[in-house]
Amino acid sequence: MEFSTDGGPIEVLTSIDLEVADGEFVCILGPSGCGKSTLLNIVGGFLAATSGKVLIDGQAVTGPDPRRIFVFQERGVFPWLTVEGNVAFGLFRLDAAERAERIAHYVKLVGLSGFENAYPQELSGGMKQRLEVARALAVNPDVLFLDEPFGALDSITRLVMRSELLRIRRAEKKTILFVTHDIDESVQLADRVVVMSTRPATIRRIVDIEMPHPRDLSSPRYIELRDLLLGEIGLAHKI
Amino acid sequence: MKRLLPFSAVAALIAVWFLAARTQTSGLFPNPLQVLFGLVELLQRGLLAKYVVASLYRVSWGYLLAVVTAIPLGLFLGWYRRGEQALNPLLQLLRPISPLAWIPISILWFGVGDMAAIFLIFLASFLPLAVASMNAVRSVPPTLLRAGRNFGLSNLRILTNVILPASLPQLIVALRISLGVAWLVVVAAEMIAVNSGLGFLIVDARNAGNRYDLVVAGMVMIGLIGLVLDVSIRQLEKMQALRWGYGS
Ligand SMILES: Nc1ncnc2c1ncn2[C@@H]1O[C@H](COP(=O)(O)OP(=O)(O)OP(=O)(O)O)[C@@H](O)[C@H]1O
Ligand SMILES: [Mg+2]
């Protein structure tokens, strides 16, 4: 993938070859500016790659699709709609009864019961993020793309949101592509971690996180995997 | 206490006005009481209601015509870059021309009468509304547009369910500003282009015997109605679904 800029073309991604299985949780980990968002945008159909192709279920991706929903870094919810209105946003093809059922189900799933008629500005950052996840899940997509969804949250909320995401994932089996530059986040969440190099990014290594959930954050295996990823990113173990 | 402050300011103005009128020797500058009598006189002669209605009639038509044409055009231009590239320079060229500069042309086209005034008000509200709607669309956060596309909305639905609500707070500010402009322009237009209305009252009262009490009575009415118009349109900003747009 190349971007043309005033300073000439810059190469962002080269020879990315990645296969993701149905229902898998894959974290894409890499330093800031390496092209993680670019990669996710290409897979999601929001950007056309300058070369190569993306196949999902054997079909080439040509644009965004409601079967694959993107959750943004922040401020992705519609501020003029209530919690219910936001969750209902993608459900315009359904009849009223089914829509109401879906809304109720997903508002409850993400723990926003009681806030159905609240507007986003009345919600905390974590609640807004959960609302966005609910809006995405409500259209029953096969794949979720999450681009540093918890990046703007404080560290406690971030931890809570991770376990929430894992809980939601147990309830609704989805394929998840999750971009992060947080090593701990990737070890806590993913089935596999794809480590990217600096720009022009390629895949340095793919690490299987074979630990079952719930994961013990002080277990030797956890620390071992985290150190392995730290090394792959090219960071020393001490600051 | 807070609510009384504006009233005390008005009271102070009236007091100063009384004093100023006393020091005046020409006898032409009216004091507040004389203006009040002037208003009563206008009311009794049936002119006040007639002129207020005439002015509001022109503003309503000119303004509504501008709203229903400028907003769709502005939304369209904000959305299609090509359209904006083609028409924006023209809009920016027309914008600095005061609506009042159009008075001779509007009389030439429409003759002396309501149509000329309506045309001027239309012009005066059209340009700021069109430019503001265009800018409102362009400042819709791209993440929201992307979400709209991601959920498979048609272009029409993106317009009605994303772009329009996202630009509504800015549109309402523009509606409010252009209504104020329309009210300014109707008075000016009526001084020249018609034979009724509050603007006409002011010119007529001066020309027909230096009736400055009626001149100021006209000014007071213009101020009061302008205030009522502004307060009414500001009710729109209080809508629950819009609060996010005004950084409460
Ligand atoms: N539209 C664009 N035009 C030109 N260059 C771009 C464009 N989008 C991204 N880039 C460049 O591509 C590189 C990768 O950007 P990208 O947003 O994918 O990084 P990232 O890995 O997601 O970073 P972060 O972790 O900070 O979000 C950056 O150097 C950026 O300057
Ligand atoms: Mg990014």
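Within each chain, residues carry numbers counting from 1 in the order of the written sequence. Just so you know, chain letters begin at A and ligand numbers begin at 1, following the order they were written in. Local features in this predicted model are restricted to residues whose pLDDT is 70 or higher, and side-chain atom pairs enter the listing and the counts only when it is 80 or higher, whereas totals over whole chains, interfaces and linings include all residues. For side-chain calculations, the full set of non-hydrogen atoms in the structure is used, while hydrogens and water are omitted.

Colleague: I tried to follow the layout of surface pockets on my own but got confused; where do I start?
Modeller: A water-sized probe rolled over the atoms picks out the places where empty space is left. All names here are of chain A. Here a cavity denotes a set of grid points, spaced 1 Å apart and computed over the protein atoms alone, in which a 1.4 Å probe fits but from which it cannot get out, and a pocket denotes an open set meeting protein on both sides within 12 Å along at least five of seven lines; residues with an atom within 4 Å of a point are reported as lining. Grid points are joined across faces, edges and corners, and a volume is the space filled by probe spheres set on the points. Here the largest pocket is characterised by a volume of approximately 980 Å³. In terms of lining residues, the largest pocket is bounded by 33 residues, among which Leu-18, Val-43, Lys-53, Val-54 and Leu-55 are the most central. Those elements giving two or more residues to the lining of the largest pocket turn out to be α1 (36–44), β4 (55–56), β5 (59–60), β7 (143–147) and β8 (175–180). Only DSSP runs of H or I with at least four residues qualify as helices, and only runs of E with at least two residues qualify as strands; both kinds are numbered from the N terminus onward. It is α1 that provides the largest number of residues to the lining of the largest pocket, a total of three residues. For this scheme, ten residues count as nonpolar: Ala, Val, Leu, Ile, Met, Phe, Trp, Tyr, Cys and Pro. Four count as charged, namely Asp, Glu, Lys and Arg, and the remainder, Gly too, count as polar. Among the residues making up the lining of the largest pocket, the classes are represented as 18 nonpolar, six polar and nine charged.

Colleague: I would appreciate a short explanation of the environment of Leu-77 of chain B in the present structure.
Modeller: Residues and elements named next belong to chain B. As for its position among the elements, Leu-77 is in helix α3 (residues 47–79). The class of Leu-77 is buried, set by a relative accessible area of 0%. Between the C-alpha atoms of Leu-77 and Gly-46, which are 31 residues apart in sequence, the distance is 46 Å. In this analysis, two residues are considered to be in contact whenever any of their non-hydrogen atoms come within 4.5 Å of each other. Apart from the residues within four sequence positions on either side, Leu-77 is in contact with Gly-83, Glu-84, Leu-87, Leu-91 and Met-134. Residue exposure (1.4 Å probe, protein chains only): buried if accessible area is under 20% of the type maximum, exposed if over 50%, otherwise partly exposed.

Colleague: I tried to follow the site of ligand 1 on my own but got confused; where do I start?
Modeller: Residue and element names in this part refer to chain A. It suffices for a single heavy atom of a residue to lie within 4 Å of a molecule or strand for the residue to be listed as near it. Near ligand 1, the surroundings consist of 14 residues, among which Ser-32, Lys-36, Ser-37, Thr-38 and Arg-199 are the closest. The Shrake-Rupley method, run with a 1.4 Å probe, gives the accessible areas here. Residue values count only the displayed protein chains as cover. For ligand 1, the accessible surface in isolation is 640 Å², of which the surrounding protein chains cover 65%. When residues of the shell around ligand 1 are assigned to their parent elements, the largest contribution, three residues, is made by α1. The residue makeup of the shell around ligand 1, split by class, is four nonpolar, seven polar and three charged.

Colleague: Teacher, can you tell me more about unusual backbone geometry here?
Modeller: Peptide bonds are mostly trans, and most non-glycine residues show a negative phi. Residue and element names in this part refer to chain A. Pro-200 follows Arg-199 through a cis peptide bond whose omega is -10°. Mapped onto the elements, Pro-200 comes out in the loop between β9 (192–196) and β10 (203–208). Of the consecutive residues His-213 and Pro-214, the connecting peptide bond is found in the cis state with omega at -5°. Tracing the chain through its elements places Pro-214 in the loop between β10 and α7 (220–233). Phi at Ser-15 takes a positive value of approximately 30°, unusual for a residue other than glycine. Relative to the helices and strands, Ser-15 resides in the loop between β2 (8–11) and β3 (25–29).

Colleague: Explanation requested: the pattern of salt bridges in the structure shown.
Modeller: Opposite charge on two side chains makes pairing possible when the charged atoms of those side chains draw close. A pair is scored as a salt bridge if a Lys or Arg side-chain nitrogen falls within 4 Å of a carboxyl oxygen belonging to Asp or Glu. Applying the stated criterion across every chain yields a total of 23 salt bridges over all chains. As a salt-bridge pair, Arg-135 of chain A and Glu-132 of chain A come within 3.8 Å of each other at their nearest N and O atoms. With Arg-135 of chain A and Glu-132 of chain A both in helix α4 (residues 125–138), this residue pair falls three residues apart, about one helical turn. Overall, the relative accessible area of 1% leaves Arg-135 of chain A in the buried class. It is possible to trace a salt-bridge network through shared partners that takes in Glu-41, Arg-45, Arg-211 and Asp-213 of chain B.

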